[in-house]
Amino acid sequence: MGAKQTIGVVCFTFIAAYKRHFWTNRPPDMQRFLKRIVIVVGIVVLLVVSAAVVIAGFFQEEVGEKLVSEINKQLMTELTVGHFDLSLLKDFPNATASLHDVVVKGQFGEGLLEAEDMAFHFRLFSLFGEQVKVHTVKISNGALVVHIDQQGKANYDIFKPSETESHFNISLKKARLENIELAYQDDKLKQEMLMRVEEADFSGELSSKKYDLRSTARLASNFIDIHDVRYFAGTKWGYDATIFVDLEEGQFDFKKVKVLVEENSFSLVGNIKKEKGYSNIDLVTTADDASLASIMALLPEKQLELLGGFSSEGKLHFSMDILGKLSPRESPATEATISLENGRLTHPYLKEPFKDVSFEATFTNGNSRSLRTSSFEVKNFKGYLHRELLTLHLKVEDLDDPFIDFQMDGALPMAYIYDFFKHPGISGGDGEIEINNLDVAGLYRDMVSIQHIAEVEMKGSLDFDDASLKINGEKITVDRGKFIFEGNLLSLQEVVIEGAGNDLQLKGSVRNLLPVLFADSLNSKNAKLQFSGEMIAKRLDLFKLRQMTDVPISEFTEKGGEIYDSLKTQKYVQRERLTEFLQGDFAARVDEFFYNKIEGKNFSGKLYFENSEMQVLGNAEGMEGQFAIDGTIFFEKEPYLKAKLSGDNINVNKFFYQTENAGQDVVRSEHLEGTMNTKLLIKAYWDSTGHFLSDKLHVWAGLGIQNGELKGLEILEEFSAYARVNDLRRVRFEDMQNWIEIKDGKFYLPVLFIQNNAMNMSICGEQTFDDKIDYGIKVNAGQVLANKFKSGSNQNPIKAKKDGFFNLYFNVYGTLDNYKYETNKSKVKDMFARSEKQKRQIRAALIKEFGAPLNMLREPVEWQDVGETAKWENDDDVEYIDGF
């Protein structure tokens, strides 16, 4: 049924009901008179409603254009509309004019308002009068941008003087905003705000000069900036207010105002009166049943980062008085008080609340009502955490150039505070840290300055009583020890650390602790934590220490690799930032140390820290020999290592076992016996998540093995046609020395001559980290055939003489699990020639770094083919190593 038919039925029903009710037992003349009246009224109503339907149906566009035109007559800027709807029946006898895709320009050519919908509600019959009186406006789904410039001119000042004649009159009694992004900027008062108006209602005689405003709102604040200080960051709040508004006098009387911040209520009473160039403010805010979290939400963003998260239970009282003038040059007097008696303080990071907490905190902006005379004080704070008492006092004077006076005394049980370390691997704690009369007093600018830190007074101590943390499943305990503060000097006395296979003791001194702690993330002010100390360790497990600093995999892999990687990246960034501040050295003596399979003892040396670098210099025993170590770790977002390592009289079997066969799998630890001297240069890299980049690893190594033996090497047994099988299973040699290089994910073996009891041979080639091999081997076939037919087994190496008829050349290729070999003289000789250049480069690089000439057992002249060379004097084409 259409709208016209519906109206007809309604009118007919109305007339019929009227007839039954009023016409019964009436005189005939009266009945006829009433009948005519009812018919006339019904016809008039039907005509009016039909006219409205006709207007809505046939003249909607004309009415919309007229409406927009009349609004624009009252604006100094322009309103544009995408399209228009006119509803005359939905709220009959009221009408609704809906403007869609609305854009309103502000002053100075700026955008003021954009909205999907703007609806005007007015009396239907005012369409037929001289003026259309609008009493309700609703704006939804849009953005409102308010800007006041340095001269105090506002972009929303867009209405023409009221004497302008118009057929469109706004007589507002109610306004509503829904889902509006509000951006506000006042250049004169240095204020900026961004928030979302979820919904806001305003009611009253809004077009009058004086009226009672009733308003409620739900708001989500992105931020409110006042003089470059950020408040209400990411805060939900709102209000319920009744305010008397006197526009002629510029006065606002707050009769009844409730402000809701994170679901906590504050009462606001008082008034604001605008005068020429300033505003007089007299306001009082109180809350007797709010939580500490709601009070904290009023703090600036930087303070909220430090103190946020705390909430309270108990009788918390808050009051704030604001009285005086507000202008670009003046601020009103402000005093605030927070007090808590016998309450509780909770925090997400605390395993149980502070109990029996009492304190009083006050703020005032002083006589001059400025930052210079402002002060903040926390007095008589006391509370118990797991029956351990903690007391503190804090006073900050002159917020323009703050002077800080801080005292703390008590104990912190580790089992209840370990989450404050913010490391995902920390899952428990035990013992406690005793704080003994810690007292810090001085100017903040001196606390962050290396040059003036001596002006700051600091005293007190921290005692560790079996204080422990459980990190990635390992328990680390500071068994005993003391930190003593004396001015800028921090002394570490007999600090004993145990756990995770480690037992060590630290002592020493540290300077500039406060400048480093207060260093800004963007500007460290050249702060350096200068230290000198000594570490004595009975046992040091470096592998477990590294594991403890890592992000635990099990907790985050289920949530996705991206989360895990981002946490590891964050860890490396934090470590890079921390090591930027370190400057000093540790003398170290370690009885036993371990890293995975590597074992060593009697390390003696020093660790140097500077500019995010740690250098290790020292000597140690290991693998039945001696090592000299000179390495530097660069703690960057993508860290890397450069190191020099010298080893003398090393057991080659243990060396290959503990280094996991030096990155290859052809000759393994079980294949080798002998004593080795070695010199290595290492460059190793990790990505930002701590993943080792094997394809970027670069190693140059010189190895010399004496009195050696190759046992059970499967590749050699393939040459049983040329030598006795038993000889090949246990190949003895006097000396074997060569140069090795690892780069681009490959293990390179330049030409190596092996003079042994089974055969004299040369070998070179390469192997990838996924065990693909390509080796070239030269064998003096005549020599080994002659030796094969001799009686018995001779374990002495064969002389390197050309007493055979010919040499054989074999190419071994494929994978370690599936390899082939074939004779290929041209390829093998080409491989030998190319490897000679690589051998010279490796040797020259090692000579450059280690200085002393490096002796090498070369292939005897008698063993060389025509055209082969073993000259070492010509190193013109050597590529030296950058960075060493």
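Parameters at a glance
- Residues numbered from 1 in each chain as written.
- Predicted model: local features only at pLDDT ≥ 70, side-chain atom pairs only at ≥ 80, totals over all residues.
- Heavy atoms only, no water.
- Helix = DSSP H or I, 4+ residues; strand = E, 2+ residues; numbered from the N terminus.
- Buried < 20%, exposed > 50% of the residue type's maximum accessible area, 1.4 Å probe, protein only.
- Contact = heavy atoms within 4.5 Å.
- Areas by Shrake-Rupley, 256 points an atom, 1.4 Å probe, with all protein chains shown as cover.
- Patch = residues over 30% accessible without salt bridge, like charges linked within 9 Å, V, L, I, M, F, W, Y side chains within 5 Å.
- Salt bridge = Lys/Arg side-chain N within 4 Å of Asp/Glu carboxyl O.
- pLDDT = per-residue confidence, 0-100.
- Core = buried A, V, L, I, M, F, W, Y, C linked by side-chain atoms within 4.5 Å.
- Phe/Tyr/Trp six-rings, centres within 6.5 Å; stacked < 30°, edge-to-face > 60°.
- Pairing = 2+ DSSP bridges.
- Expected span 1.5 Å × (residues − 1).
- Polar contact = N/O pair within 3.5 Å; in protein donor to acceptor, adjacent residues only side chain to side chain.

**Thoughts on the overall build of the chain**
Part 1 of the reasoning: Scanning the chain from terminus to terminus reveals 16 helices and 38 strands.
Part 2 of the reasoning: Relative to its full complement of 884 residues, the chain shows a buried share of 43%.
Part 3 of the reasoning: When contacts within the chain are restricted to residue pairs at least 6 apart in sequence, long-range pairs at least 24 apart make up 55% of them.
Part 4 of the reasoning: Accessible surface for the chain amounts to roughly 47,200 Å². Of this, 52% is attributable to carbon and sulfur atoms.

**Focus: a nonpolar patch on the surface**
Part 1 of the reasoning: A surface patch of nonpolar side chains, about 280 Å² in accessible area, is lined by Tyr-444, Leu-517 and Phe-518.
Part 2 of the reasoning: Note on placement: Tyr-444 falls in helix α7 (residues 444-447).

**Concerning the confidence of the model for the chain**
Part 1 of the reasoning: Averaged over the chain, the pLDDT score is 79; the fraction of residues at 70 or greater is 74%.
Part 2 of the reasoning: Of all the helices and strands in the chain, helix α1 (residues 3-22) carries the lowest mean pLDDT, 44, while strand β19 (residues 403-413) carries the highest, 95.
Part 3 of the reasoning: For the stretch residues 789-795, pLDDT sits under 50, and the model shows 11 contacts to residues farther than four places along the chain or on other chains.
Part 4 of the reasoning: Here residues 866-884 scores under 50 on pLDDT; set against residues more than four positions off or in separate chains, the count is 43 contacts.

**A closer look at unusual backbone geometry**
Part 1 of the reasoning: The backbone of Arg-387 shows a phi angle near 70°, a positive value even though the residue is not glycine.
Part 2 of the reasoning: Structurally, Arg-387 is set in the loop between β17 (375-385) and β18 (388-397).
Part 3 of the reasoning: Residue Arg-387 is classed as exposed on the basis of its relative accessible area, which comes to 68%.
Part 4 of the reasoning: Positive phi is not limited to glycine here, since Ser-612 has a value of about 60°.
Part 5 of the reasoning: If you trace the backbone, Ser-612 turns up in the loop between β27 (598-610) and β28 (613-622).

**Things to note about the nonpolar core**
Part 1 of the reasoning: Ranked by internal contacts, the top residues of the largest apolar core, which has 120 residues, are Leu-79, Leu-99, Met-118, Phe-359 and Phe-483.
Part 2 of the reasoning: Counting residues in hydrophobic clusters, the runner-up holds 35 residues, among them Met-623, Val-652, Leu-703 and Ile-742.

**Section: the packing of aromatic side chains**
Part 1 of the reasoning: Summed over the entire model, instances satisfying the criterion amount to 14 aromatic pairs.
Part 2 of the reasoning: When the centroid spacing of 5.6 Å and the interplanar angle of 85° are considered together, the rings of Phe-543 and Tyr-595 count as edge-to-face. Taken together, the residues span a long stretch of sequence, with Phe-543 in helix α9 (residues 542-548) and Tyr-595 in strand β26 (residues 582-595) at a distance of 52 residues.
Part 3 of the reasoning: Among the aromatic residues, ring-to-ring pairing joins Phe-531, Phe-586 and Phe-609 into one connected group.

**Considering the pattern of salt bridges**
Part 1 of the reasoning: Summed over the entire model, instances satisfying the criterion amount to 24 salt bridges.
Part 2 of the reasoning: The partner of Asp-463 in a salt bridge is Lys-482, and the shortest N-O contact between them spans 3.7 Å. Residue Asp-463 is located in strand β21 (residues 457-471), and its partner Lys-482 is located in strand β22 (residues 474-486); the two are separated by 19 residues in the primary sequence.
Part 3 of the reasoning: Note on Asp-463: relative accessible area 17%, which makes it buried.
Part 4 of the reasoning: Of the charged contacts in the structure, one is a salt bridge between Lys-827 and Asp-774, with a shortest N-O distance of 3.6 Å. Here Asp-774 lies in strand β36 (residues 772-780) and Lys-827 lies in helix α16 (residues 825-850), a separation of 53 residues in the sequence.
Part 5 of the reasoning: Residue Lys-827 is classed as partly exposed on the basis of its relative accessible area of 31%.
Part 6 of the reasoning: Asp-774 gets classed as partly exposed once you look at its relative accessible area, which sits at 23%.
Part 7 of the reasoning: Linked through salt bridges whose partners overlap, the residues forming this network are Lys-138, Arg-176, Glu-178, Arg-196, Glu-198, Glu-199, Asp-201, Arg-218 and Lys-236.

**Let's talk about the side chain of Asn-651**
Part 1 of the reasoning: Relative to the assigned elements, Asn-651 resides in strand β30 (residues 640-651).
Part 2 of the reasoning: Contact partners of Asn-651, with chain neighbours within four places excluded, come to Met-623, Glu-624 and Gly-674.

**With respect to the pairing of β19**
Part 1 of the reasoning: Where β18 and β19 come together, 8 bridges link them in antiparallel fashion. When the bridges of β19 are listed, Glu-397 appears paired with Phe-403.
Part 2 of the reasoning: Hairpin connection between β18 and β19: a loop of 5 residues separates the two successive antiparallel strands, and Asp-398 in this loop has a positive phi of roughly 55°.

**Details of α16**
Because an α-helix packs 3.6 residues into every turn, residues spaced three or four apart end up facing the same way.
Part 1 of the reasoning: Between its first and last C-alpha, α16 extends 37 Å over 26 residues, near the 38 Å set by a 1.5 Å rise per residue.
Part 2 of the reasoning: Positive phi appears at Gly-851, one or two residues downstream of α16, with a value of about 85°.

**Some remarks on the side chain of Ser-449**
Part 1 of the reasoning: Here Ser-449 lies in the loop between α7 and β21.
Part 2 of the reasoning: Note on Ser-449: relative accessible area 12%, which makes it buried.
Part 3 of the reasoning: One polar contact links Ser-449 to His-452, side chain to side chain, over a distance of 3.2 Å.

**Re the environment of Ile-773**
Part 1 of the reasoning: Topologically, Ile-773 is positioned in strand β36.
Part 2 of the reasoning: Along the backbone, Ile-773 and Lys-746 are 27 residues apart, and their C-alpha atoms lie at a distance of 9.6 Å.
Part 3 of the reasoning: Not counting the four nearest positions on each side in its chain, Ile-773 is found in contact with Val-666, Glu-766, Gln-767, Val-812, Tyr-813, Gly-814, Thr-815, Leu-816 and Tyr-819.

**Let's talk about the environment of Ser-319**
Part 1 of the reasoning: By the secondary structure assignment, Ser-319 is in strand β14 (residues 311-326).
Part 2 of the reasoning: Taking the C-alpha atoms as reference points, Ser-319 and Ser-339, 20 residues apart in sequence, are found 9.4 Å from one another.

**With respect to the environment of Leu-412**
Part 1 of the reasoning: Within the secondary structure, Leu-412 is located in strand β19.
Part 2 of the reasoning: Residues Leu-412 and Leu-390 lie 22 residues apart in sequence; the distance between their C-alpha atoms is 7.8 Å.
Part 3 of the reasoning: Look past the residues within four positions of Leu-412 in its chain and what remains in contact with it is Leu-390, Ile-417, Gly-431, Glu-432, Ile-433 and Ile-435.

**Let's talk about the pairing of β27**
Part 1 of the reasoning: As paired elements, β26 and β27 share 11 bridges and run antiparallel to each other. If you follow Val-590 over to β27, its bridge partner there is Phe-603.
Part 2 of the reasoning: Here β26 folds back onto β27 in antiparallel fashion, the turn holding 2 residues, of which Asn-596 has a positive phi close to 55°.
Part 3 of the reasoning: For β27 and β28, the ladder comprises 8 bridges, and the chain directions are antiparallel. From the neighbouring strand, Tyr-608 faces β28, where its bridge partner is Gln-615.
Part 4 of the reasoning: Where β27 hands over to β28, the hairpin turn is made up of 2 residues, of which Asn-611 adopts a positive phi near 55°.

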